[in-house]
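Each chain, letter by letter, is given below.
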Amino acid sequence: MFLNSKENSCRLLCRLLSLLPYISILVISTIYIILFILRLYDFAIRSLYLLVPVAIASFIFIYFKESNSNSTFQIKSLIEVNSYRGFQLFLVSILSHIFGIVILLSYNYRELYYFIIILFLISIILIQIMSTQTILGRNLVLIEIMLVSLNLILGVTLKYSLYFGSTDIFFHIELARLYLQNSHIIDTGSSYFFYPLYHVFIVIGTLIMDISIEKGVFVLTAIAYQASTLLAYLFFIKTTKNEQISLLNSLLFSLSKDVIYYGMYSTPRSMSFVLFILVLYLAFFYKNLIYRILLLIVSVSLILFHHASLIYISVILMFANFLEKTLGKCGVIRNQKISSNFVMLLCVFFVSYFYFNTFLENFGMNSITYSFKEDPLLIVTQVASGNEFISLLNKIYISIFLFFGYMGILILLSKNDLKSSPSIVVALLGLIFLVLYVPSPIFMFSEITQNFRLDRVSLLLTIFMSFIMGYGIWYSITKSVSISKLIPIVILFSVLLYISLSISSVSNAGDSEYITSVSRPYFKLSELDALNFVKKNDVLNIYSDYHVGRYFDSQSLSNKITSRIFTSPDLSYIKNDWIFLRVSELKLRGLEFSYGGTTSKTYKYRLNDTDKDMYTISLNLAKKNKTYDNGNVWIFSS
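Scoring rules and cut-offs
For every chain, the first residue of its written sequence is number 1, and the numbers climb from 1 along that sequence. Where local features are concerned, this predicted model is filtered to residues with pLDDT of at least 70; where side-chain atom pairs are given and counted, the filter is 80 or more; whole-chain, interface and lining totals use all residues. Computation of side-chain values: all heavy atoms of the structure, hydrogens and water removed. Between 30 and 60 degrees the pair is tilted, below 30 it is stacked and above 60 it is edge-to-face, where a pair is any two Phe, Tyr or Trp rings, Trp via its six-membered ring, whose centres lie within 6.5 Å. A positively charged side chain is recorded as over a ring if its NZ (Lys) or CZ (Arg) lies within 6 Å of the ring centre. The angle to the ring normal must also be within 35 degrees. Only DSSP runs of H or I reaching four residues or more are called helices, and only runs of E reaching two or more are called strands; each is numbered from the N terminus. Accessibility here uses a 1.4 Å probe with only protein chains present; expressed as a share of the type maximum, an area under 20% marks a residue as buried, one over 50% as exposed, and anything in between as partly exposed. Throughout this description, a polar contact denotes any pair of N or O atoms lying within 3.5 Å of each other; where both atoms belong to protein, one of them has to be capable of donating a hydrogen while the other can accept it, and for residues adjacent in sequence the pair is counted only when both atoms sit in side chains. Note on contacts: a residue pair is in contact if any heavy atoms of the two residues lie within 4.5 Å. The span you would expect from a helix comes to 1.5 Å times its residue count less one. Every axis corresponds to a line fitted to the C-alpha atoms, with the helix fit spanning only the stretch in contact, and the corresponding angles, defined between N-to-C directions, vary from 0 to 180 degrees. Orientation is classified from the angle alone, with under 35 degrees giving roughly parallel, over 145 giving roughly antiparallel, 65 to 115 giving roughly perpendicular, and any other angle giving oblique. Charged means Asp, Glu, Lys or Arg here, nonpolar means Ala, Val, Leu, Ile, Met, Phe, Trp, Tyr, Cys or Pro, and polar covers whatever is left, Gly included. Pairing between strands requires that DSSP locate at least two bridges from one strand to the other.

J.: What's the story with the packing of aromatic side chains in this structure? I'm lost.
T.: Given two aromatic rings, one states the distance between the centres and the angle between the planes to describe the pair. The full count for this structure, using the stated rule, is 38 aromatic pairs. Seen in terms of ring centroids, Y595 and Y603 are 4.9 Å apart; in terms of plane orientation they differ by 45°. Their pairing is tilted. Pairwise contacts between aromatic rings join F235, F236, Y281, F284, F285, F467 and Y471 into one cluster. Across from the ring centre of Y49, 5.3 Å away, lies the NZ or CZ of K395, which sits over that ring. Geometry around W634 places K626 over its ring, the cationic atom sitting 4.4 Å from the centre.

J.: Explain the side chain of S554 to me, please; I cannot follow it from the model alone.
T.: The topology assignment puts S554 in helix α26 (residues 546–555). S554 sits in the buried class, given a relative accessible area of 0%. Polar contacts involving the side chain of S554 include one to the main-chain carbonyl oxygen of Y551, which spans 2.5 Å. Reaching out from S554, the side chain makes a polar contact with the side chain of Q555 at a distance of 3.5 Å. Not counting the four nearest positions on each side in its chain, S554 is found in contact with F170, F171 and E174.

J.: Please clarify how helix α8 (residues 168–182) should be interpreted in this entry.
T.: Side chains of residues three or four places apart in an α-helix project in the same direction, reflecting 3.6 residues per turn. For α8, which comprises 15 residues, the first-to-last C-alpha distance of 22 Å matches the rise-based estimate of 21 Å (1.5 Å per residue) to within 8%. Counting buried positions along α8 gives 11 out of 15 residues, so the element sits mostly inside the fold. Along α8, the residues that are buried comprise D168, I169, F170, F171, H172, I173, E174, L175, A176, L178 and Y179. Of the residues trailing α8, S183 is marked for its positive phi of about 65°.

J.: Explain the packing of helix α10 (residues 213–225) against helix α11 (residues 227–240) to me, please; I cannot follow it from the model alone.
T.: Helix-helix packing is characterised by the crossing angle of the two axes and by the distance between the axes. Remark: α10 packs on α11, axes separated minimally by 5 Å, with the N-to-C direction vectors making an angle of 5°. The orientation of α10 relative to α11 falls into the category roughly parallel. On α11, the residues that touch I223, A224 and Y225 of α10 are A227, S228 and T229. Tallied by class, residues from the contact of α10 with α11 come to 4 nonpolar, 2 polar and no charged.

J.: Can you help me understand the sheet that holds strand β3 (residues 541–544) in this one?
T.: Two modes of strand pairing occur in sheets, parallel and antiparallel, and in both the strands are linked by backbone hydrogen bonds. Strand order in the open sheet made by the 5 strands is β4-β3-β5-β9-β8, with mixed pairing throughout. Edge positions in the sheet fall to β4 (562–565) and β8 (625–629), since each of these pairs with one other strand and no more. Taking the axes of each pair of neighbouring strands and ignoring which way they run, one obtains an average angle of 25° across the sheet. Relative to strand β9 (residues 633–637), β8 is paired through 4 bridges, and the arrangement is antiparallel. Its bridge partner lying in β9, N625 is registered against S637. Against the sheet, helix α25 (residues 525–536) contacts β3, β5 (578–582), β8 and β9, and its axis sits at roughly 175° relative to β5.

Here it is as structure tokens:
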């Protein structure tokens, strides 16, 4: 009786999984019918980049399934390249790296030529991945992937005088410097005091390498960050049992938009991501005592590196554990990988340390609910009316991912020979968490996104998303080879387009002088000189823009400087305090001013020489004492 019930559950689940492409088409058709009935044509257009790729992937999968070609899908080499040719390609990629570095050093910012060379390097790697090579050749490919990642990361963080990203880097540099000066961890009043491992790691590394803290933060984090690619590859190879698709997944993982950005953004969050991949790898594939002890050590390290990441990691592991239990009861998978005891212990670790900090900091859930009480729940309108088609063009990156990613989910959930492996769990995790990885209605509510920091979740989900996308790409190429030789070329071009849009997205290419819609994520040398001038004069109160204000806030860990942010272009309200104005940035990209003097809510203000507000600013500042002017920065004292 029990066996019959289990078999029936398995049949029902397999039937539901097999109907997924049909259900997807039905749901998408229903959504569009409702939108047209309600005459919400703008929403219908805006949603094309999300729904159409899923519908097309479902139709194509159904076509191959109905033609019985699905059963013959195999992962195999698509290009004939022997080991000798593979080694030659490796040498070409090394020379291209050198040429790219020369171009990188020859210009004030990363030129278009640099990104073209990077794309050429990625093309070589794709050829090597899809070719027949020896194991040695494949190991070289993994090295090449990590070198490209390092090139992109260090090509930003070491190129500019001080890269700061979203400004948290200021505080971590200052904390590491204070720990180095005092030779031990000190309480500076910062919440980071309770998570010291990252700063200890930086201090020890800089002492060993004999470099400055500023350089050490970027160099050490970038090198350690590459362990995420290596660990992701090990996770892929254990899951797929195939070298080539594991390398393709690793390439997609290493060069995804979030992974590249957080590689540049040298903070504890980046290091916690590396530890998360290690936890995932150990939890999925190792059960003996030694590895369980190692898993506990890594988990405790995660807490002391970046406690906030642990809540998202716990949720991901809970979902994985739930899926394994459910699929196990249905007879779809035989062996459960994720231990329920480990997941519960991880949650206990997180909650215990959270309340320990709450007690010491007098800081609790009020921080999460505060802005809900402060303002009503706001719905963000992301696209102005009339710009729907321009918005679609800007989201090609997401459409390409969704097409191949959803195709990968369908193939993984339909293959009988994969259902005894973790692949089905990874595919289901990818399906469940798609709503948090791509823009969805959840992200329309700004308070929910900001207070629960949903923007941080996508980085942790990258390993699952690159896995399903890699399968979708390989499946699409394999199936299309028998139809037309042109289709695989189009698919590979789409992959290169996806990667190029990833590495040149606004968040990853904000250093370019061509992209002026976002704030420049680094200080120029002239700006650093001005900042040092203020520090040497022992200024107590200073007004500036958001990014400079955050810099001075970090300096307050070791001195008494108080920083305030401009609230209006009319600076007449500033009476007896210093003013720090990045004039060239104000004209070119604009500066972030504050709503009501808070750092949590800012707005972008930009002007031209002909703008009347420039006259207002100049008129107000003319009444003050200009103590510094290097052409890019004006400093006025009381």
